[in-house]
Amino acid sequence: MTETATQQTDSLPLAAGFTPEAWRNLCLELGAPPFRAKQLWNWIAYHLVDDWSRMSNIPGALRKQLAARSLITALKVSERTTAPDGVTKYLLACGDGELIESVLIPTQERHTLCVSTQAGCPFGCAFCASGAAGLVRNLAAGEIVEQVYTAARDIRIAPNAAPDARPDNIVFMGMGEPLANYDNTITAIRVLNEPGGLNIGARRITVSTCGVVPGIRKLSGEGLQIELSVSLHAPDDKLRNELMPVNNLWPLHELIEACADYTALTGRIITYEYTLIAGRNDQPHHADALTRLLRYQQCRINLIPLSPVPHFTGNAPTAANCARFQAILTRAGINTTLRNSRGSGADAACGQLRLRRRHS
Ligand code: SAH
């Protein structure tokens, strides 16, 4: 392929990011009847085909036109690592060579997939590998959706898998900040949620934000029944400024107010994520301050012991200290879960696999 051809191909819109409406518009433009849009949506979003030639009921001439107008796949699996606990980490190469990550976490009953929304991240949380080198670019909606299709194809080839098997839960907790790539994140959610496609229930989709207040406010007007997680990690501005520079833009009182308004407007309860770091934010006085901060809110808290990352000197607290922290929150009536971070064998903390590749 010539260089020019490569550039042209790279700039084509990605088929995985098309909503049913986008397929209808494309068919209209190409002079194809509307029922073709339904067939195309079905091939891409339900059967997850990655080759135009497999669309047996689409005329060859139309397939050719479509291939000139959109890219059927954008991501290539560059590395697939499965840890002994079954967690699979994907390192995926985008069309322009950027590397992104997704993590598939199986339990006995279900599969949860963690997806990325940006290559890199602009927010630079101290303990997070994704932001270590800043933001490279936003992912297109199709690049977000295709992470799910890639994992779903793997799930489908497992022995005894249903032909329409796919991840049951999607969490937007991979690389990047979903609310800083707002429109593409919302389009991806709509595509994944759409009946006739993977049809993943909105309540099985979780968006996690580091605290982008305007994004939280906008999200409350979308009418989506998704789950919202907010990464808190500190109960006061001084500590949160140190750990999460985003707090300088939207300090705690603004964030907590936006979260309370979100719940009031949507009826959806927010989960706060709190990464426990030994000696930094895991002391009883931190837990007490947290209960005071959240005392007027209906919410849940997820405690996650820190996953070690190379550029951050910090450790996970002992199990006893994690339990002590949890007990204080529970006593204050806050619904709290303590997660053990799975998949550390596959470099499962956010952005670590890509970071390792960039430095090798
Ligand atoms: N930008 C979004 C989503 C990506 S990070 C957000 O900040 O919420 C997903 C979650 O993993 C966040 O709660 C983040 O703070 C947490 N995280 C990042 N690095 C981690 C680490 N080394 N150990 C534990 N949790 C980490």
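Details of the structure are given in the entry above.
Asks: Pulling in residues and values, what's your account of the packing of helix 2 (residues 20–30) against helix 4 (residues 60–69)?
Replies: Between helix 2 and helix 4, the least distance of the axes is 11 Å, while the angle of their chain directions is 115°. Relative to helix 4, helix 2 is oriented so that their crossing is right-handed. The residues of helix 4 that touch helix 2, namely those facing W23, L26, E29 and L30, are L62, Q65, L66 and R69. Across the contact of helix 2 with helix 4, the residue classes break down as five nonpolar, one polar and two charged.

Asks: Outline helix 12 (residues 319–331), supporting the account with residue identities and numerical values.
Replies: With 13 residues, helix 12 should cover 18 Å at 1.5 Å per step; its first-to-last C-alpha distance of 18 Å lies within 8% of that length. Residues of helix 12 that are buried: C322, F325, I328 and L329. Buried residues of helix 12 fall within an arc of 125° about the axis and therefore sit on the same side. Opposite the buried face of helix 12, at more than 90 degrees from it, the exposed residues are A319, A320 and R331.

Asks: With reference to specific residues and values, describe the sheet that holds strand 10 (residues 270–276).
Replies: Pairing is mixed in the open sheet, where ten strands are placed in the order 1-2-3-4-7-8-9-10-11-12. Every interior strand has two partners, whereas the edge strands, strand 1 (76–82) and strand 12 (335–338), have only one. Averaged over neighbouring strand pairs, the angle between their axes works out to 20° when direction is ignored. Along the sheet, helix 10 (residues 252–266) makes contact with strand 9 (227–231) and strand 10, crossing strand 10 at roughly 145°.

Asks: Please give an account of the nonpolar core that cites residues and values.
Replies: Note that soluble globular proteins tend to have their nonpolar side chains buried in a common cluster. Of all hydrophobic cores here, the largest spans 101 residues; its most connected members are W23, M55, Y149, I216, Y272, L294 and I301. No other element matches the seven residues that helix 5 (residues 141–156) contributes to this core. Lining this core are residues from two domains, each supplying at least three of them: domain 1 (19–69) and domain 2 (76–358). If we ignore the near neighbours within four places in the chain, the residues touching M55 are L40, W43, I44, V49, R63 and I72.

Asks: Summarise the site of the ligand; cite the residues concerned and give the values.
Replies: By nearness alone, 18 residues border the ligand, and F127, S208, S231, H233 and S307 come closest of all. Across the complex, the protein chains shield 93% of the 530 Å² of accessible surface that the ligand would expose by itself. Of all the secondary structure elements, the ones that give two or more residues to the shell around the ligand are strand 8 (205–209) and strand 10. Looking at the shell around the ligand, its residues break down into eight nonpolar, eight polar and two charged.

Asks: Explain the environment of Q39 to me, and be specific about the residues and the numbers.
Replies: Examined against the element boundaries, Q39 turns out to sit in helix 3 (residues 34–46). Along the chain, Q39 and N57 lie 18 residues apart, while their C-alpha atoms are 8.0 Å from each other. Filtering out sequence-adjacent residues up to four positions away, Q39 remains in contact with N57 and I58. Among the polar contacts made by the side chain of Q39, one reaches the side chain of R36 at a distance of 2.7 Å.

Rules of the game
Residues numbered from 1 in each chain as written. Predicted model: local features only at pLDDT ≥ 70, side-chain atom pairs only at ≥ 80, totals over all residues. Heavy atoms only, no water. Axes fitted to C-alpha atoms, helices over the stretch in contact; angles between N-to-C directions. Helix = DSSP H or I, 4+ residues; strand = E, 2+ residues; numbered from the N terminus. Left-handed = near helix turned anticlockwise from the far one by under 90°. Contact = heavy atoms within 4.5 Å. Nonpolar A, V, L, I, M, F, W, Y, C, P; charged D, E, K, R; others polar. Expected span 1.5 Å × (residues − 1). Buried < 20%, exposed > 50% of the residue type's maximum accessible area, 1.4 Å probe, protein only. Arc of directions from axis to C-beta. Pairing = 2+ DSSP bridges. Core = buried A, V, L, I, M, F, W, Y, C linked by side-chain atoms within 4.5 Å. Domains from an automatic or database assignment. Near = heavy atom within 4 Å. Areas by Shrake-Rupley, 256 points an atom, 1.4 Å probe, with all protein chains shown as cover. Polar contact = N/O pair within 3.5 Å; in protein donor to acceptor, adjacent residues only side chain to side chain.

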